[in-house]
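# Structure at a glance
Below are the chains, spelled out letter by letter.
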Amino acid sequence: MAKFDIIAATGCPTGIAHTFMAKEALEKAAAERGLTIKVETHGQVGVENELTKSEIAGAKAVVVAADKDVQAERFAGKPMVSVGVSKALSVEAAGKLIDRALAAKGDSTVAAAADVEDEVEEKESIGHIIYKHLMNGVSHMLVFVVAGGVLTAVSFLWGITSFDSTASDYNSFAAMLKIIGGIAMNLMVPVLSAYIAESIGKRPALVPGFVAGMIAIQGLPVNAETGMIDAGGAGVGFGFLGGIVGGFLAGYVILLLEKVFTGLPKNLDGLKAIFLYPLFSTAIVGLVMLGISGPMAAINTAMMDFLKGLSASGAVVLGLAIGCMCAFDMGGPVNKAAYVTGTAMLTEALAAGVGTDTYNFGTNFMAAVSAACIVPPLITTFAVVVGKKYFSQEDHDAGVVNLILGCTHITEGAIPFMTKNIWPVMPIMMLGSSIASILTIMFNVHDPAPHGGFLVLPVVENGPLWVLAILIGAVVGGILFVAFKKYDFEKNQKAAPAAKPVEAPKAAAVEAPKSEAADFVKVENVFVAEDFASRDEALSFVSNQAVKAGIAGDADAVMNAFMAREAEGTTGMMEGFAIPHAKSDAITEAAVIVVKDESGVTGWDTMDGAPVNVAIALLIPGAQAGTTHLKILSKVAEALMDEDFRATVKGSTDAAKIAKTINARLV
């Protein structure tokens, strides 16, 4: 069985994008450090790449990046870092998590690399624990909402009242679709409640969790004539908020009962699971839920009235609130709060029926939320197409893919663009989403489906205007994004110093015999007697040498690629080494250029704060960005863990010896 240095588990509420973005970031960060890693994902299709007991036992450290329950108790006793999935979406952030996990083991070689402010905590914060339990419920609930909402919306294609056998547009198939969709939507709150409870109290909590959810949608039954509690009466449900309260109540009641029944003999464990836990937890949770039904119904009504009151303030106020929330963290907690509120209101709208004020407000609100979620990825698509020269090939490819993600209501594709430049990209995204939301409300668009993006256009009322609102938001945001990237591109070009005039190659660099063609690092590309005033001057020198050696055709493009990588996170390592790397279409062949500065290059951020004496620069053609790039980078990173390798390269002034030493590690 293979052993891994690091094992990890990732999971987001929807299990669509964040889960796999975090996996990729962790894998790349581990490769940069020369570490092996296996990442288990908890996506919408279930657990993939599942970790075995032997793999867990053999790992040095564990990284958990999840907003849902990933059974972290399996890792008890292992050095571990546990954070929300949004903390592992970039390679730099994922690398810090790996460093922190290893530092928890007491490894002195990596402890210095861990940020002081990111010191490993022994326990998760209370806020993250609560959020993780909540999102476990939301992740299970969303699929019911999507399936039920879309089926209900599709039933309207035969007519708004096609489900009604007394209406002129009645259709039996449409009626069956609406029945199925309605059942799925009605399961939303019980499933939410049950899986919040399950995240806290595990399997025993499912029973009281489901019961709590059912009470939340039914309320306390009261006989209309007697005013007394009556099983045959009718109650006022308290919906989504009640489901959340019931889920947490059920989960913690199970934990309480586990403590209460601790003294029972071990041979009664089966009785506890099949009889005692479900009986007592259901009774306790049920009585409490029925007891608080009145206050909870009042709170639920007040929340809906508040949102409707916000709408009364005008489309701008409501649309701005929705747009900013949806684009703030691209599928994170704030975005989910807006989306889940929209689905809760949509559920009430569909229950109220077509033509009611509740239906009109709920479907209009849902349309605004969907528009705000669709816009950010489309902003990146517009930007990389219109301003292609200002983006790397990697960003361009991601932006094009975002056209598909955006059109299908998957916001997360815009995250990598925002994490590189939170300011001003986040405000640009929020502005674009807000414009789309405001126009959607003003255009009186109604969306009876909670997900699907443009796939549900046939059931959207005023669909063409909805598309127009989204396109306007995307274009405005895209223009602003291109303007920022153009400014940033030109600023970096001006900042890059002109290359040093090199009349003739320095003797120390070339007097050694030419390297064999099979050698990746050529002797003539090793420069051992340089003196650089700054990091940018060193990178400019490398860029120009790449052109002189025929490795690249455009020094400015190579320099921009180096600078773009440094903007994502410094390539300065420890003990005087740096691994700058440029990925660009201007580079014609993969190569390594080595420069040494005995006095040290200052201003190059490193893990230990020491100046850089040796920069091993990787130059990779854009087409090889995901293959050759990672292989070379991981080999170099692994070599830097070897004290003998560091001493040889740092201590030698012989270009041939340095080239031979590095080539030996790239085999």
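Let me sum up the structure you'll find in this document.

Definitions and cut-offs
Residues numbered from 1 in each chain as written. Predicted model: local features only at pLDDT ≥ 70, side-chain atom pairs only at ≥ 80, totals over all residues. Heavy atoms only, no water. Helix = DSSP H or I, 4+ residues; strand = E, 2+ residues; numbered from the N terminus. Buried < 20%, exposed > 50% of the residue type's maximum accessible area, 1.4 Å probe, protein only. Contact = heavy atoms within 4.5 Å. Core = buried A, V, L, I, M, F, W, Y, C linked by side-chain atoms within 4.5 Å. Expected span 1.5 Å × (residues − 1). Arc of directions from axis to C-beta. Phe/Tyr/Trp six-rings, centres within 6.5 Å; stacked < 30°, edge-to-face > 60°. Lys NZ or Arg CZ within 6 Å of the ring centre and 35° of its normal. Pairing = 2+ DSSP bridges. Axes fitted to C-alpha atoms, helices over the stretch in contact; angles between N-to-C directions. Bend = angle between axes of the 7 residues up to and from the residue.

### Side note on the environment of Leu403
- By the element assignment, Leu403 lies in helix α15 (residues 393-407).
- Using a relative accessible area of 41% as the deciding quantity, one classes Leu403 as partly exposed.
- Among residues more than four places away in sequence, those in contact with Leu403 are Leu378 and Thr381.

### As for the nonpolar core
- Counting residues in hydrophobic clusters, the biggest one holds 60 residues, and the most contacted among them are Ile6, Leu26, Val63, Ile98, Trp466 and Phe481.
- The biggest single contributor to this core is helix α14 (residues 357-386), with 8 residues.
- If near-sequence neighbours (up to four positions away) are discounted, Phe481 is found in contact with Ile379, Thr380, Ala383, Phe391, Phe417, Val425 and Ile428.
- Counting residues in hydrophobic clusters, the runner-up holds 56 residues, among them Met141, Phe238, Met296 and Leu318.

### As for the environment of Gly453
- Among the structural elements, Gly453 can be located in the loop between α17 (422-442) and α18 (463-495).
- Look at Gly453 and you get buried, because its relative accessible area is 2%.
- For the pair formed by Gly453 and Glu490, sequence separation is 37 residues and the distance between their alpha carbons is 36 Å.
- Excluding residues within four positions of it along the chain, Gly453 makes contact with Ile374, Cys407, Thr408, His409 and Trp466.

### Let's talk about unusual backbone geometry
- With an omega of 10°, the peptide bond between Trp423 and Pro424 qualifies as cis.
- Positive phi values are uncommon outside glycine, yet Gln71 reaches one of about 55°.
- Considering the arrangement of structural elements, one finds Gln71 in the loop between β4 (61-66) and β5 (80-83).
- By relative accessible area, which is 30% here, Gln71 ends up partly exposed.
- In the Ramachandran plot, Lys202 falls in the positive-phi region, its phi being about 60° despite a non-glycine side chain.
- As for its placement among the helices and strands, Lys202 is situated in the loop between α7 (188-201) and α8 (206-218).

### What about helix α11 (residues 293-312)?
- With 20 residues, α11 should cover 28 Å at 1.5 Å per step; its first-to-last C-alpha distance of 28 Å lies within 8% of that length.
- When α11 is considered as a whole, its buried residues turn out to be Ser293, Met296, Ala297, Asn300, Met304 and Leu307. Buried positions in α11, seen along its axis, are confined to an arc of 105° and lie on one side of it. Turned more than 90 degrees away from the buried face of α11 sit Phe306 and Ala312, all of them exposed.
- Remark: Gly314 follows α11 within two positions and exhibits a positive phi of approximately 120°.

### What to know about the packing of aromatic side chains
- Summed over all chains, the structure comprises 13 aromatic pairs.
- Each member of the aromatic cluster is reached from another via a ring pair, and the members are Phe261, Tyr277 and Phe280.
- It is Lys178 that lies over the ring of Phe163; its NZ or CZ is 4.6 Å from the centre.
- Of note, Lys485 hangs over the ring of Phe391, and the distance from its end group to the ring centre comes to 5.1 Å.

### A short note on the sheet that holds β4
- Spatially, the 5 strands line up as an open sheet ordered β3-β2-β1-β4-β5, and their pairing is mixed. With partners counted over all chains shown, the strands left at the sheet margins are β3 (46-48) and β5, one partner each. Across the sheet, the mean angle from the axis of one strand to that of its neighbour is 10°, orientation sign disregarded.
- Note: β4 against β5, 4 bridges, orientation parallel. Looking at β5, one finds that Val62 is bridged to Met80.
- Across the sheet, helix α3 (residues 91-103) is in contact with β1 (6-11), β4 and β5; its angle to β4 comes to roughly 140°.

### A few points about helix α5 (residues 126-155)
- Between its terminal C-alpha atoms α5 stretches 43 Å, which fits the 44 Å expected from 30 residues at 1.5 Å a residue.
- Considering bend angle alone, the principal kink of α5 is centred on Met141 and spans about 30°.

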